[in-house]
Amino acid sequence: MRLRHNKGLLTKISLMLVILLVSALTLSGCIEGLQPIGWSGMALADGTLFVGSKEGRLVAIDTADSSRQWSEPLKAPRSAGGFGCAAPAGGGGCAGGPAGVAIYGTPAVAEELVYIGGYNGKIYAFNSSSLEVRWVYPREDYLEPIIGGPVVALNKIYFGSSNGTVYALDTATGDREWEFQTGDKIWSTPAVSGDTLFVSSFDKKLYALDAADGSKWWEFETEGAIASTPLVYDNTVYIGSFDRYLYAVDTANGSLRWKFIGDNWFWARPVAYNGVVYAGCLDGKVYALNAKNGSKVVEFDLGSPVASSPLLVGQSVIVATEDGRIYSLDTSNNKIKKLATIDAAISAPLSASDGIVYIHTADLTVHRIDVETGAQLMTISLKKPG
Amino acid sequence: MNIWDTIIQQPMINILIVLSSYLFNSFGMAIIALTIIVNVLMLPLTLKQIQASKAMQELQPKIAELQKKYGKDRQRMAQEQMRLYKESGMSPMGCLLPMLIQMPIWIALFRSIMLSLAVAPEALLNMSRYLYSWPVVYSMLPLDSNFLWLNLAEGNIILAILVGGTMWLQQKMVTPAAADPRAQAQSRMMLWMMPLMFAFLALSFPSGLALFWVTSSVVRIVIQYYVTGWGGLTKMVSRREPVRDKRFKRRIALEGAPPESATSGADIVVEPSTEPEAGYTQEEGLDRETFEDKGPDRGVDYPTRLRDIRHRSKRREHRPKRR
C-alpha cells in the first residue's frame, strides 16, 4: 500500500467516518419512527368520511364518489430546528417525515361540526360542509401534544392532552367548561357512558369523572402506564395497561372484576359482542375473552402486532395487523379468515360503512376492502393536489 | 427482528430501562451509567486506538524528514515510509480499526437512547418490539424524560455547548503538533469541525443524546489523560532532540540525494527484516561503520517496537512536569 501523506490520509478518513456517522445518526434518528407522523382514524357522518391527514389537514371524503375536500393545514407552534429530530411540537422536520402537524385522534362529528386534535396542542372545530374553522382551543396559546381523539356528549367535547389534563369544552363556542388534572400524560381518547367520563393516563390510573363538572368519582390503579382507550360494555370498563394486563373494572365503583395477561401491551381499544371481548395485543395475538370472568374463549396468533383497534361489522370482528394483513373473525363460530393484505403498515383504527372497511395508512392513502369478499377497491389519496 | 436488533439493540434497550429502574427511576442517570459501562467494556479497543494514534504522532517528525528528503520521488518516499512503519512495528490503519469496530456499538447506544426516549407515539409503539418479558421493563415505560433541569426529549442549548466544549477538549488532547503544514491545517480543521458539527446535532436531537455525547467525551478525556497526559492541551515546550532522532537525521543525510534512476524505483529492493541495517547497501551511500560504535541503542534508524514509542512518550510527558 502506498501512503504518501499518512497523516493527511488518516485525517481525511477520520473526517469521512465522522460524516458517515453523522449521516447514519441523522437518518436513523429521522426515519425509524422517531418523528410524529400520525395515525388518525376516520369518522363517518351522512355519507362523508372525515380523517386527519399526514399533511396536517382535515380531509372529507364523499363515500359515494370518493371526491375529497381539504381544510387549511393546522399550524405548528414552532418550526423544527437543525435536523428537526427533537420532535417539534407540531411534528415534521425530517426527510421522510410529515409536511404538517401530526394528527393521531379520530375526528368526532356532532351536528354540523367536526372536531379534531393536533400534535400542535390545539383542538379545532371545523364546519363539516365547508371545512372552515369555526373555533379553536386554546385561542392564543398551545397545549402539549394532543394524541387521543375528542369525544362529544352532553353538549360538551372532551379530550386529554399530553400535559395530563382532561378538558371539557362547549361544543358550540369552544369555551372551557371544566378541566381535570391527572398525574401524567394522556394519550388516549376518553369514553363516555351515561353521565360518566372514563379517561386513562400515563400515571397508571383509570379515572371515572362526572361528565357534567369533572369531579372525580373513583380511580383505578394498574402496574403500568395506560395509553389505550377504554371500552365501556355491560357496566364494565375494559382497558389495557403497559403492565401487559387487560383489566375489567366495574363502572359503578372502580373495583377490579378480572384481569388477563398477554405477552405484550394491549395498545388498541378492544371491542365486545355477545358477551365476548375481542382484544388485539402487540404480541401478535387476538384474544377472545369471556366478558364476565375473563376466561379465554379462543386466541388467534396473527404473527404481527395488533396496534389498530378492531372493528365490529355485523357479526364479524375485523382485525388488522401492523404488517398490513386484514382478517375477519366470525363471532358465531370463532373462525378467522384472511381478507386481504395491503402493502403498508397499519396503526390507525379501522372504520366501516356499507360493508366497506376503510384503512388509513401513513402513506397518505385510504385503502378500501370489501368485508364479504375481501376485494380491494381503488385506494383514495389524501394528498392535496398542487 | 434482525440479528443486529437481537444481539445488540434489544439487550441495550432493556439494560437501559433496567438501569433506569435501579437509578431512582432516572433515565438521565441510566444514560450516564450505560455510557460509562460501554466505555469500560471497550477500554481495550480504546487504549489500542490511543496508543496507535500516539505512536503515529511520534513518527511524524521522521515522516517529515523523509518528505524533505524524498518528497519528489513518490515511490521511494512510499517505500521508505512503509519501511519506517514496519520497523517501528505499527500499521497506519492501527488507529482506525478500533474506531471502526467501536462504531456499531456507539450507533446501537445512540439508537437505544433515541428509541427509549419514545418522543413520538410511533416510537413508543415501536419500543414494544424490543422489550424482554421482565415485569420491571414493562412497568417502567414510558421512561421519565425529566432529568435535572432538562427535558431529555427536547434539544437544549447548554448541553449542546457542553457537547462542543468537551469534544473540543478531547480533540485538542489528541491533536499533535504536526510538522507538515498541510497536516497541521487538516488537524486544525478536525479540531473545530467535529465539535461544531456535534454541537449542532446536539441542538437538533433530544438532549438525552447530548447527555450521552457529553458523558462519552468526559470518559474519553479521562482515559486519554491517563494514557498520554494532557497531550495537545499542554503548552508546547521545546524539547531537546532525542539522540535517536539525531541518528535518524544523520542516516537520512548520509544517504544523500536519490540517484536520477531512482525515480523509476528499479534499483531499490526493500527487504522486510527485523535487522535495522539489513535494507541498506553501500550503493545507497550508508556507511555502516559510522553507526557501529554508537552503543547499545543500535539505532541507526527508527524506534523498533510500538511499546518503545509508548514508553518514550510517557517519559516526554513527565519531563516538563518535573521542571
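Residues numbered from 1 in each chain as written. Chains lettered and ligands numbered in written order. Predicted model: local features only at pLDDT ≥ 70, side-chain atom pairs only at ≥ 80, totals over all residues.

Turning next to the overall build of chain B. Scanning chain B from N- to C-terminus turns up 13 helices and two strands. The proportion of buried residues among the 323 residues of chain B is 39%. A fraction of 78% describes how many contacts in chain B between residues 6 or more apart in sequence connect residues 24 or more apart. (Helix = DSSP H or I, 4+ residues; strand = E, 2+ residues; numbered from the N terminus. Buried ≥ 20, exposed ≤ 12 C-beta atoms within 10 Å, placed from the backbone. Contact = placed C-beta atoms within 7 Å.)

To continue, consider the sheet that holds strand β5 (residues 108-110) of chain A. Residue and element names in this part refer to chain A. Taking strand neighbours across the sheet as the criterion, the four strands line up as β5-β6-β7-β8 in an open arrangement whose pairing is antiparallel. Each edge of the open sheet is held by one strand with a lone partner, namely β5 and β8 (133-137). Between one strand and the next, the sheet's axes are offset by a mean angle of 20 degrees, whatever the strand orientation. Relative to strand β7 (residues 123-127), strand β6 (residues 113-117) is paired through five bridges, and the arrangement is antiparallel. Within the sheet, the bridge partner assigned to Val114 lies in β7 and is Phe126. (Pairing = 2+ DSSP bridges. Axes fitted to C-alpha atoms, helices over the stretch in contact; angles between N-to-C directions.)

Residues and elements named next belong to chain A. Summarising burial for β6: four of the five residues are buried, a large majority. Two successive antiparallel strands, β5 and β6, enclose a turn made up of two residues, where Glu111 displays a positive phi of approximately 55 degrees. Between β6 and β7, which pair antiparallel in sequence order, lie five residues; one of them, Gly121, sits at a positive phi of approximately 85 degrees.

The subject of this paragraph is the environment of Leu312(A). Residues and elements named next belong to chain A. Considering the arrangement of structural elements, one finds Leu312 in strand β25 (residues 311-313). As for Leu312 and Trp265, which are separated by 47 residues in sequence, their C-alpha atoms are 21 Å apart. Discounting chain neighbours no more than four positions away, the residues touching Leu312 are Val271, Tyr273 and Val317.

What follows concerns the nonpolar core. Ranked by size, the top nonpolar core spans 158 residues in total, and within it Phe50(A), Val163(B), Ala202(B), Leu209(B) and Ala210(B) carry the most contacts. The leading source of residues in this core is helix α5 (residues 96-117) of chain B, at seven residues. When sequence neighbours within four positions are dropped, the list of residues in contact with Ala202(B) reads Leu159(B), Ala160(B), Val163(B), Leu209(B), Ala210(B) and Trp213(B). (Core = buried A, V, L, I, M, F, W, Y, C linked by C-beta atoms within 7 Å.)

Residues and elements named next belong to chain B. Looking at chain B, pLDDT values average 71 and 65% of them are 70 or higher. Put simply, helix α12 (residues 289-292) is where chain B has its lowest mean pLDDT, 41, and helix α2 (residues 27-41) is where it has its highest, 90. In this model residues 236-240 is a low-confidence stretch, pLDDT under 50, and it forms three contacts with partners more than four residues away in sequence or in other chains. A low-confidence stretch, residues 319-323 stays under pLDDT 50, and its non-local contacts, those more than four residues away or across chains, total two contacts. (pLDDT = per-residue confidence, 0-100.)

A cis amide bond links Tyr137(A) with the next residue in sequence, Pro138(A), at an omega value of -10 degrees. Mapping Pro138(A) onto the fold places it in the loop between β8 and β9 (151-153). Cis geometry is found at the peptide bond from Leu141(B) to Pro142(B), where omega equals -10 degrees. When you line up the elements, Pro142(B) lands in the loop between α7 (135-140) and β1 (146-147). In this model, Asp354(A) sits at a positive phi of 50 degrees, which is unusual for a non-glycine residue. Topologically, Asp354(A) is positioned in the loop between β29 (351-353) and β30 (356-361).

Okay, the packing of helix α8 (residues 157-174) of chain B against helix α10 (residues 207-228) of chain B next. Each pair of packed helices can be summarised by the angle the axes make with each other and by the distance between the axes. Residues and elements named next belong to chain B. At their nearest, the axes of α8 and α10 sit 9 Å apart, and the two run at 25 degrees to each other. Classified by the interaxial angle, the pair formed by α8 and α10 is roughly parallel. Considering the relative orientation of α8 and α10, their crossing is left-handed. For the pair α8 and α10, the contacting residues are Leu159, Ala160, Leu162, Val163, Thr166, Met167, Leu169, Gln170, Met173 and Val174 in the first and Ser207, Ala210, Leu211, Trp213, Val214, Ser217, Val218, Arg220, Ile221 and Gln224 in the second. Split into classes, the residues belonging to the contact of α8 with α10 amount to 14 nonpolar, five polar and one charged. (Parallel < 35°, antiparallel > 145°, perpendicular 65-115°, else oblique. Left-handed = near helix turned anticlockwise from the far one by under 90°. Nonpolar A, V, L, I, M, F, W, Y, C, P; charged D, E, K, R; others polar.)

Here the focus is the environment of Ala227(A). All names here are of chain A. Turning to its location among the elements, Ala227 is positioned in the loop between β16 (216-221) and β17 (231-233). Sequence separation of Ala227 and Phe266 is 39 residues, and the distance between their C-alpha atoms is 9.0 Å. Leaving out residues up to four positions away in the same chain, Ala227 has contacts with Trp187, Ser188, Phe202 and Trp267.

Residues and elements named next belong to chain B. In this model, helix α1 (residues 3-22) (20 residues) spans 28 Å end to end at C-alpha, consistent with the 28 Å of a helix rising 1.5 Å per residue. Those residues of α1 lying buried are Gln9, Met12, Ile13, Leu16, Ile17 and Ser20. Phe24 sits one or two positions beyond α1 and adopts a positive phi of about 60 degrees. (Expected span 1.5 Å × (residues − 1).)

Residues and elements named next belong to chain A. Read from one edge to the other, the open sheet built from four strands follows the order β17-β18-β19-β20, with strand pairing classed as antiparallel. Each having just a single partner strand, β17 and β20 (256-261) make up the two edges of the open sheet. Averaged over all neighbouring strand pairs, the angle between strand axes comes to 20 degrees, with direction disregarded.

The next point concerns the environment of Glu177(A). All names here are of chain A. For Glu177, the position within the fold is in strand β12 (residues 176-181). Residue classification places Glu177 among the partly exposed residues on the basis of 18 C-beta atoms within 10 Å. Note: C-alpha distance between Glu177 and Ala252 (75 residues apart in sequence) is 24 Å. Ignoring any residue separated from it by four or fewer positions in sequence, one finds Glu177 in contact with Lys156, Ala168, Leu169 and Asp170.

Residues and elements named next belong to chain A. Alignment of strand β26 (residues 316-320) against strand β27 (residues 325-330), held across five bridges, turns out to be antiparallel. When the sheet's bridge partners are listed, Val319 is paired in β27 with Tyr327. Adjacent in sequence and paired antiparallel, β26 and β27 are bridged by four residues, among which Gly324 carries a positive phi angle near 100 degrees. The sheet contact formed by β27 and strand β28 (residues 335-341) spans six bridges and is antiparallel. What sits directly across from Ser328, in β28, is Lys337. Adjacent in sequence and paired antiparallel, β27 and β28 are bridged by four residues, among which Asn334 carries a positive phi angle near 55 degrees.

All names here are of chain B. Following both chains from N to C, one finds α1 and α2 inclined at 125 degrees, their axes separated by 8 Å at the closest point. The angle between α1 and α2 places the two elements in the oblique class. Remark: the crossing between α1 and α2 carries right-handed chirality. Residue-level inspection shows Ile15, Leu16, Leu19 and Ser20 of α1 in contact with α2, the latter providing Phe27, Ala30, Ala33 and Leu34. Across the contact of α1 with α2, the residue classes break down as seven nonpolar, one polar and no charged.

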